[in-house]
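Coordinates in review
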Amino acid sequence: NKILEVKNLKKYFNTPKGTLHAVDGVTFAIEKGKTLGVVGESGCGKSTTGRVILRLLEATDGEIYFEGKNVRELDKKEMIKLREEMQIIFQDPFASLNPRMTVSEIIGEPLLIHKKCTNKVDLQKKVKDLMDTVGLSQRLINAYPHELDGGRRQRIGIARALALNPKFIVCDEPVSALDVSIQAQVLNLMKDLQEELGLTYMFITHDLSVVKHFSDEIAVMYLGELVEKASAKDLFKNP
Ligand code: ADP
Ligand code: ADP
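The rules we used
- Each chain carries its own residue numbering, running from 1 in the direction its sequence is written.
- Each chain is given a letter, starting from A, and each ligand a number, starting from 1, according to the order in which they appear as written.
- For this predicted model, a pLDDT threshold of at least 70 governs which residues receive local features, and a threshold of 80 or more governs which side-chain atom pairs are given and counted, while totals over whole chains, interfaces and linings are taken from all residues.
- Values reported for side chains reflect all heavy atoms of the structure, with hydrogen atoms and water molecules removed beforehand.
- Strand pairing is assigned whenever DSSP identifies at least 2 bridges connecting the two strands.
- Each helix is a run of H or I in the DSSP string that is no shorter than four residues. Each strand is a run of E no shorter than two, and both are numbered from the N terminus.
- Fitting a line to C-alpha atoms yields each axis, with helices limited to the stretch in contact; the angle taken between N-to-C directions then spans 0 to 180 degrees.
- Here a residue-residue contact requires only that any non-hydrogen atoms of the pair lie within 4.5 Å.
- Salt bridge, as used here: a side-chain nitrogen of Lys or Arg that lies within 4 Å of a carboxyl oxygen of Asp or Glu.
- Only protein chains enter the accessibility calculation, which uses a 1.4 Å probe; a residue is then buried when its area is under 20% of its type maximum, exposed when over 50%, and partly exposed in between.
- Summary of the distance rule: residues count as near a molecule or strand when at least one heavy atom falls within 4 Å of that molecule or strand.
- The term polar contact refers here to a pair of N or O atoms within 3.5 Å; inside protein, the definition further demands a hydrogen-donor-capable atom paired with an acceptor-capable atom, and it admits residues adjacent in sequence only when both atoms are side-chain atoms.
- The classification used treats Ala, Val, Leu, Ile, Met, Phe, Trp, Tyr, Cys and Pro as nonpolar, Asp, Glu, Lys and Arg as charged, and all other residues, Gly among them, as polar.

**A few points about the sheet that holds strand E6 (residues 86-89)**
With respect to topology, six strands assemble into an open sheet ordered E6-E7-E8-E3-E9-E10, the strand pairing being mixed. Of all strands in the sheet, those with a lone pairing partner are E6 and strand E10 (225-231), marking the two edges. This sheet shows a mean twist of 20° between the axes of neighbouring strands, independent of strand direction. Along the sheet, helix H1 (residues 46-53) makes contact with strand E3 (35-39), E6, strand E7 (168-172), strand E8 (200-205) and strand E9 (217-222), crossing E8 at roughly 150°.

**Focus: the pattern of salt bridges**
Evaluated as defined, the whole model comprises 14 salt bridges. Of the charged contacts, one joins Arg-51 and Asp-172 as a salt bridge, the two residues approaching to 3.4 Å between their closest N and O atoms. Of this pair, Arg-51 sits in helix H1 while Asp-172 sits in strand E7, placing them 121 residues apart in sequence. Taking the shortest distance from any N to any O, the salt bridge between Lys-116 and Glu-84 comes out at 3.3 Å. With Lys-116 in the loop between helix H3 (103-113) and helix H4 (120-133) and Glu-84 in helix H2 (residues 76-85), this residue pair connects regions lying 32 residues apart in the sequence. A relative accessible area of 36% places Lys-116 in the partly exposed class. By relative accessible area, which is 11% here, Glu-84 ends up buried.

**Structural notes on the site of ligand 1**
As a matter of local geometry, ligand 1 sits amid Phe-13, Leu-20, Ala-22, Glu-41, Ser-42, Gly-43, Cys-44, Gly-45, Lys-46, Ser-47 and Thr-48. For ligand 1, an oxygen atom lies 2.7 Å from a polar atom in the backbone of Gly-43. Interatomic distance of 2.5 Å between a side-chain N/O atom of Thr-48 and an oxygen atom of ligand 1. Counting residues per element, the ones that place at least two in the shell around ligand 1 are strand E2 (18-31) and H1. Looking at the shell around ligand 1, the element that brings in the most residues is H1, giving three residues. By residue class, the composition of the shell around ligand 1 is four nonpolar, five polar and two charged.

**Quick look at the pairing of E2**
Across eleven bridges, strand E1 (residues 2-15) lies against E2 in antiparallel orientation. Residue pairing for E2: Asn-14 is matched across the bridge by Thr-19. Hairpin connection between E1 and E2: a loop of two residues separates the two successive antiparallel strands.

**Here we look at the pairing of E9**
Here E3 runs beside E9; their pairing, made up of four bridges, is parallel. Its bridge partner being in E9, Gly-37 is matched across the sheet by Ile-218. Pairing of E9 with E10 involves six bridges; the strand directions are antiparallel. Residue Tyr-222 lies in a different strand from E10, and its bridge partner there is Glu-225. The loop that links E9 with its antiparallel partner E10 comprises two residues; one of these, Leu-223, has a positive phi angle of about 45°.

**Remarks on the sheet that holds strand E4 (residues 61-66)**
Sheet architecture is open: four strands sit in the order E2-E1-E4-E5, paired in antiparallel fashion. Bordering the open sheet on either side are E2 and strand E5 (69-70), each of which pairs with just one other strand. Pairing of E1 with E4 involves five bridges; the strand directions are antiparallel. When the sheet's bridge partners are listed, Lys-10 is paired in E4 with Asp-61. Its contacts with the sheet put H1 on E1, E2 and E4, and the angle it makes with E1 is roughly 115°.

Dropping the structure here:
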């Protein structure tokens, strides 16, 4: 039961030095409720692949099917629905957010944009429920992200990503900026949420050890291509 299928996906960038083949014919699928780890050195095209799947970037060529729907051919209304079903968690969830937004505003924003709350009371309740879900104390509801440590900031990023009840999440280096001890806590949270909510993950990292115990399958990228794909078990088997 494949939730996502990607066929011969390409993303080229025009740069002053010529055409850069950031993603150059990548094919893979992810089973519903599973995790595909995508690994490879910096610059090999992992992030770009994730962003093209979510249509944060337009693909140059190739096909993307999400629950059988052809993602590159959706109309505006279908795209809004897709934006609810697919989310992304970034390494630094606040790089692109207004630093003057509080925790409550950050988590509540997708609910307002997608008109999922009719009034303030309802919004506050949903925000508090999401904070519970990710293990954030409600004392922090009016805090600013810069007042919190990295682990709590990433929990805000996860809560925001969960606000619209997505099915699929691109996790783009979600623990790479965190202390190793905090990495384990955030990874455990993500694993628990996956089981509880039936989420499917595409988990991007340059650090193989991060996805070793987490992924069902691992795809290795090199210079824009997918050069190896194996079950986590096979990739780490002893000779
Ligand atoms: P990774 O996530 O594996 O580190 P990226 O997908 O971020 O790799 O980048 C792949 C390649 O595409 C890199 O060479 C990067 O510099 C380039 N790239 C990414 N985004 C752009 C862009 N908007 N314009 C030009 N080049 C880009
Ligand atoms: P990440 O590792 O999260 O992808 P980056 O620093 O690689 O973060 O990219 C941040 C933003 O800059 C992304 O939107 C990416 O597409 C863009 N970008 C990355 N590399 C380049 C590049 N060589 N030229 C222009 N834009 C780029």
